[in-house]
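Structure assessment
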Amino acid sequence: MTQWPIGVFASVDAGLGVAWEVIEQLGVPTIQLHAPHPGNRDADAAKRLADKLSSIDVKCTAVFGGFEGESYADIPTVSRTVGLVPPSSRESRLAEMLEIADFAKALNCDAVALHLGFVPHEPSADGYDAIVDVTRRLCDHCAGNAQYLHLETGQETAEGLLTFIDQVGRENLKINFDPANMILYGTGKPLDALRQVGGHVRSVHCKDGTWSDQPGETFGAEVPLGQGDVDVRQYLITLKEIGYDGPLTIEREIPEDPERQRAEIGAAIDLLTKLRQEIL
């Protein structure tokens, strides 16, 4: 596969990523997949999906977990509902992630990813050890499947994320770097953060956003790639600097407007194709 193959964030049934006919129309060689709903991720479902991907010559590079009850309505709601951090749902969500990892294995996909949630910045904080423990258990299951676990950036600063990875202490714990999320959550300048965590980055999103007028308190705004504060050209230059050569996965989640979504993803593909040619 060529360096920096372009991909999209896709969905079978969860409605977050682009639909299958769009993948075929766009002609991209890779996808990241939002994990199907529980009833659609047994071995038979994986076989059907693997056959479908093979028929359109598309490789799935990561399967993303997501859970019932999560909401990205605002930053306090994310803190309360997202990932493996909320204690009340932690064990049931871990069980779901183990199932998602096994589904990904049946797809011959070597990476599972998720938004872990808001991890406290300091290891001495209440609940920090329990989040480290559940992450270790998920990493160990993934390791048994010869898989990596990718943590999506956004809710932590680069320093906080590096500290957490160090505390977990598992070789297969990596990062899915999303530059827009650093802006949307107000957790740091994305290119500075990318240079800091670069040694752990194994997958990336190509997404853009603008800063909130109250960074860290209210969300910034997601915008089409190339129209926000990320600086896509410099982002790719920085990816080259850190030695990243994996897929460039476009994430543009506006499922309520599929025509606009398709148009904006098409424009993002054109932009990345042009920049890739220039930079490589």
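Residues numbered from 1 in each chain as written. Predicted model: local features only at pLDDT ≥ 70, side-chain atom pairs only at ≥ 80, totals over all residues. Heavy atoms only, no water.

1. Notes on the environment of Leu184
Condition: Numbering of helices and strands runs from the N terminus; a helix is a DSSP stretch of H or I covering at least four residues, while a strand is a stretch of E covering at least two. Whether two residues are in contact is decided by their heavy atoms: any pair within 4.5 Å suffices.
Secondary-structure assignment places Leu184 in helix α7 (residues 179–185). Residues Leu184 and Gly226 lie 42 residues apart in sequence; the distance between their C-alpha atoms is 15 Å. Those residues in contact with Leu184 that lie beyond four places of it in its chain are Ile75, Lys207, Gly209, Thr210, Thr218, Phe219, Gly220, Ala221 and Glu222.

2. Some points on the UniProt feature "domain: Xylose isomerase-like TIM barrel" (unreviewed entry) in the protein
Cut-off, in case you're wondering: UniProt positions are given in the numbering used here, feature names are shortened, and annotations may be inferred rather than shown by experiment.
Here the UniProt-annotated "domain: Xylose isomerase-like TIM barrel" (unreviewed entry) positions come out as residues 22–267. Along residues 22–267 one finds 43% helix and 16% strand; the C-alpha atoms at either end are 14 Å apart.

3. Things to note about the state of the cysteines
How we decide: Our working definition of a disulfide is a cysteine sulfur pair at a distance within 2.5 Å.
Tallied over the full model, the rule gives zero disulfides. Looking at the unpaired Cys142, the closest cysteine sulfur is the one in Cys139, lying at 6.5 Å. Free of any disulfide, Cys206 has its nearest neighbouring cysteine sulfur in Cys60, separated by 17 Å.

4. Let's talk about the sheet that holds strand β10 (residues 248–250)
Hydrogen bonds between backbone groups are what pair the strands of a sheet, and the pairing can be parallel or antiparallel. Worth spelling out the cut-off: We call two strands paired when DSSP finds no fewer than two bridges between them. Every angle, taken between N-to-C directions, lies between 0 and 180 degrees, and every axis is a line fitted to C-alpha atoms, over only the stretch in contact when it is a helix.
Strand order around the closed barrel formed by eight strands is β1-β2-β3-β4-β5-β6-β7-β10, with parallel pairing between neighbours. Recorded for the sheet is a direction-independent mean angle of 30° between the axes of neighbouring strands. Here helix α5 (residues 128–144) sits on the sheet in contact with β4 (111–114), β5 (148–152) and β6 (173–177), set at roughly 140° to β5. Contacts from helix α8 (residues 190–197) reach β6 and β7 (201–206) within the one sheet, and its direction differs from that of β6 by about 160°.

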